[in-house]
Amino acid sequence: MVIYDITDPKNPNPVDRYPTDDEIDSLTPNDTVAQLGEPPMAWTARYDAERELVVASDTFTGLYTFKLVTR
């Protein structure tokens, strides 16, 4: 999961990241999930501007919620 500052859309700037394959070694994907590929497998992310939250989903390791904080 990578968060970009797109203040200048022609020059997006990565400002933070989180590896969604964190602790994947402790998981044993079932046969159906294992057919999808190798982790990380973050397949969607959504931003809620009202709550300033980003929710991301990884097929292998689950759901992540990030609070955006401006400095």
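Being a predicted model, the structure only gives us computed values, none of them experimental.

What counts and how
- Residues numbered from 1 in each chain as written.
- Predicted model: local features only at pLDDT ≥ 70, side-chain atom pairs only at ≥ 80, totals over all residues.
- Heavy atoms only, no water.
- pLDDT = per-residue confidence, 0-100.
- Helix = DSSP H or I, 4+ residues; strand = E, 2+ residues; numbered from the N terminus.
- 1 Å grid on protein atoms, 1.4 Å probe; cavity = no way out; pocket = protein on both sides within 12 Å on 5 of 7 lines; lining within 4 Å.
- Points joined across faces, edges and corners; volume = space filled by probe spheres on them.
- Nonpolar A, V, L, I, M, F, W, Y, C, P; charged D, E, K, R; others polar.
- Buried < 20%, exposed > 50% of the residue type's maximum accessible area, 1.4 Å probe, protein only.
- Lys, Arg positive; Asp, Glu negative; His and termini not counted.
- Salt bridge = Lys/Arg side-chain N within 4 Å of Asp/Glu carboxyl O.
- Polar contact = N/O pair within 3.5 Å; in protein donor to acceptor, adjacent residues only side chain to side chain.
- Pairing = 2+ DSSP bridges.
- Axes fitted to C-alpha atoms, helices over the stretch in contact; angles between N-to-C directions.

Caption draft 1: Seen up close, the confidence of the model for the protein chain. The predicted model of the protein chain has a mean per-residue pLDDT of 81, with 72% of residues at 70 or higher. Mean pLDDT per element in the protein chain: helix H1 (residues 31–34) is the minimum at 63, and strand S4 (residues 53–58) is the maximum at 90.

Caption draft 2: Local environment of the layout of surface pockets. Roughly 520 Å³ of volume is contained in the largest pocket. Lining the largest pocket are 18 residues, with Ile3, Val15, Lys67, Leu68 and Val69 sitting closest to its centre. Among the elements of the structure, strand S1 (2–5), strand S2 (13–17) and strand S5 (62–67) are those that each provide at least two residues to the lining of the largest pocket. Residues that form the lining of the largest pocket fall into these classes: 11 nonpolar, one polar and six charged.

Caption draft 3: Summary view of the side chain of Asp58. Relative to the elements of secondary structure, Asp58 occurs in strand S4. Of the side chains bearing the opposite charge, Arg17 lies closest to the buried Asp58, which forms no salt bridge; the N-O distance is 11 Å. Polar side-chain contacts of Asp58 include one of 3.1 Å to the backbone nitrogen of Thr61.

Caption draft 4: Broad picture of the sheet that holds S4. The three strands lie next to each other as S3-S4-S5, forming an open sheet whose pairing is antiparallel. The open sheet is flanked by strand S3 (42–48) and S5, the only strands paired with a single partner. Adjacent strand axes in the sheet meet at a mean angle of 15°, parallel and antiparallel pairs treated alike. Both S3 and S4 contribute to a ladder of six bridges, which runs antiparallel. The residue bridging Ala42 from the neighbouring strand is Asp58, located in S4.

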